[in-house]
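# Results of the structural survey
What follows is the residue order along each chain.
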Amino acid sequence: MLSQKQLEKIRGFLERAQNPLFFFDNDVDGLASFLLLRKFCSKGKGIAIKSFPDLNVAYTRKLHEFKPDVIFVLDKPIISKGFLDAAAELNMPLVWIDHHPVPEFEANEIVNYFNPLVNENPSNEPTSYWCYKITRHKGDEWIAMLGCLADWFIPEFAETFSKEKPELFTFTNEPARALYETELGRIIKMLSFALLDRTSMVVKMLKNLIIIKDPKELLDITTKTASIHGRYKQINRKYEKILNKAKEFVKKNKKVLFFQYGGLLSLSSELANELFYLYPNKIVVVAYIKGTKVNVSLRAKIDVRKLAEKALEGIESTCGGHEHACGATLQVTDLPKFRDNLIKSTK
Ligand SMILES: [Mn+2]
């Protein structure tokens, strides 16, 4: 966990910031982390990171454009050396908050790295959980709830929250039920689909989200939320179609639900989540093929990251994430080998 001292240190950066720039991972934990910090200091721009697996060097353009006095990087496990070097050259302090396995990087004097995994009592609560511990604004608790649930984590304040807002969240200890059986879960799905939109639309969404005070506002269609709802509806139609197709693969293998698809939209992470909710005893593998590359999302009760790493041995690939939810990228020509290795290792 992060210590009180560390939380205060980050809070100090926020209080002193005149023109912060926030980079966040392109998912709901990343988004919630940004919203919590942005609301606290009422200043600064937010940028959803589209590059994978790292915050790549192309984003240094934003440093020249916005000239921030402090950079925040939220929920992103890797920052490219080029980006770190550019920030150092411009003498911009960088506050990096994450909860993924710690990468190897050359720490320079501008980097302030915070990760609950590198501590006396290692833990991996979502980044938004820690952002809420930093800002401590009770009115923003719903945002922290969204970020935590999206990362399959039930925070200790969930039970009180459910008593205060029973129409949004019925208390459960099971993250999967929280995601697929509550209104907060519905909002998470909406936001994660909306994050897939064009950059200009995401920018518009962020502007609206910053001023929304009540999650109920998000469920109604208003001028602030119409584009989010529109995008959600459009993507959800396609999503449901692919999900139904994936369900047909359940009987193919006793232990593994392996499903691959192509098309314009990468929905593998959302699909893997929902399939794992529907079939909690399966090892869920969803492969999204785009050109010559494949993005794979894996979910399971067992240590699926270890399983994936083993199945990827000898295959040119990247792999990252958490014990029960992780992702990998590889070449499409290696996909059959990866699938065979994986299925073989579960026998
Ligand atoms: Mn996260």
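Residues numbered from 1 in each chain as written. Predicted model: local features only at pLDDT ≥ 70, side-chain atom pairs only at ≥ 80, totals over all residues. Heavy atoms only, no water.

Within helix α14 (residues 304-311), burial applies to Val-304, Leu-307, Ala-308 and Ala-311. Along the long axis of α14, the arc covered by the buried residues comes to 95°, so they all point the same way. α14 presents Lys-306 and Lys-310 as exposed residues on the side facing more than 90 degrees away from its buried surface. Looking at the buried positions of α14, the neighbouring elements they touch are β9 (283-290), β10 (293-299), β11 (317-321), β12 (325-331) and α15 (335-345). (Buried < 20%, exposed > 50% of the residue type's maximum accessible area, 1.4 Å probe, protein only. Helix = DSSP H or I, 4+ residues; strand = E, 2+ residues; numbered from the N terminus. Arc of directions from axis to C-beta. Contact = heavy atoms within 4.5 Å.)

Time to look at the domain arrangement of the chain. Annotation of the chain at the domain level lists domain 1 (4-227) and domain 2 (248-345). On a C-alpha basis, the centroid separation for the pair domain 1 and domain 2 is 26 Å. Around 1,200 Å² of area is buried between domain 1 and domain 2 when both sides are counted, 66% of it from carbon and sulfur atoms. The three residues of domain 1 that bury the most area against domain 2 are Trp-152, Tyr-180 and Leu-196, which together make up 41% of that side's buried surface. Counting across the domain 1 and domain 2 interface gives 1 salt bridge. The shortest N-O distance in the salt bridge between Glu-274 and Lys-189 comes to 2.9 Å. Scanning the region where domain 1 abuts domain 2 turns up 5 residue pairs in polar contact (both at pLDDT 80 or more). A per-element tally of the side of domain 1 that touches domain 2 places helix α8 (residues 175-181) first, with 4 residues. Grouping the amino acids of the side of domain 1 that touches domain 2 by side-chain chemistry returns 7 nonpolar, 4 polar and 3 charged. (Domains from an automatic or database assignment. Buried area = accessible area lost by both parts, 1.4 Å probe. Salt bridge = Lys/Arg side-chain N within 4 Å of Asp/Glu carboxyl O. Polar contact = N/O pair within 3.5 Å; in protein donor to acceptor, adjacent residues only side chain to side chain. Nonpolar A, V, L, I, M, F, W, Y, C, P; charged D, E, K, R; others polar.)

Another aspect to go through is the packing of helix α2 (residues 28-41) against helix α6 (residues 141-150). Viewed as axis vectors pointing N to C, α2 and α6 meet at an angle of 160°, and their least axial separation amounts to 8 Å. On the basis of the axis angle, α2 is roughly antiparallel to α6. With respect to the hand of their crossing, α2 and α6 are arranged in left-handed fashion. Mapping the contact onto sequence places Val-28, Asp-29, Ala-32, Leu-35, Leu-36 and Lys-39 in α2 and Ile-143, Ala-144, Leu-146, Gly-147 and Ala-150 in α6. The class makeup of the residues in the contact of α2 with α6 is 8 nonpolar, 1 polar and 2 charged. (Axes fitted to C-alpha atoms, helices over the stretch in contact; angles between N-to-C directions. Parallel < 35°, antiparallel > 145°, perpendicular 65-115°, else oblique. Left-handed = near helix turned anticlockwise from the far one by under 90°.)

Over its 12 residues, helix α9 (residues 183-194) extends 16 Å from the first C-alpha to the last, a length consistent with the 16 Å expected when each residue adds 1.5 Å. Of all 12 residues making up α9, 10 are buried, and the element is well covered by its neighbours. Restricting attention to buried positions, one finds in α9 the residues Leu-184, Gly-185, Ile-187, Ile-188, Lys-189, Met-190, Leu-191, Ser-192, Phe-193 and Ala-194. (Expected span 1.5 Å × (residues − 1).)

On to the sheet that holds strand β2 (residues 45-49). Within the open sheet, the 5 strands sit side by side as β2-β1-β4-β6-β7. Their pairing is parallel. On the outer flanks of this sheet lie β2 and β7 (111-114), each paired with one strand and no other. On average, adjacent strands in this sheet sit at an angle of 15° to one another, irrespective of strand direction. Packing against the sheet, helix α1 (residues 4-16) makes contact with β1 (20-25), β4 (70-74), β6 (94-97) and β7, and its axis sits at approximately 135° to β7. (Pairing = 2+ DSSP bridges.)

The protein atoms that coordinate the manganese ion are Asp-29 (OD), Asp-75 (OD), Asp-75 (OD), His-99 (NE2) and Asp-151 (OD), at distances spanning 2.1 to 2.7 Å. Taking relative accessible area as the criterion, Asp-29 reaches 0% and is therefore assigned buried. (Donors = N, O, S within 2.8 Å, 3.2 Å for Na, K, Ca; no water.)

Should the charged atoms of two oppositely charged side chains come close, the side chains can pair. The full count for this structure, using the stated rule, is 15 salt bridges. A salt bridge links Glu-164 to Lys-138; its shortest N-O distance comes to 3.2 Å. Separated by 26 residues along the polypeptide, Glu-164 in helix α7 (residues 158-164) and Lys-138 in the loop between α5 (127-135) and α6 bring together distant segments of the chain. The partly exposed category is assigned to Glu-164, whose relative accessible area is 45%. When its relative accessible area of 46% is taken as the criterion, Lys-138 is described as partly exposed. Shared partners join several salt bridges into a network, and the residues in it are Lys-138, Glu-141 and Glu-164.

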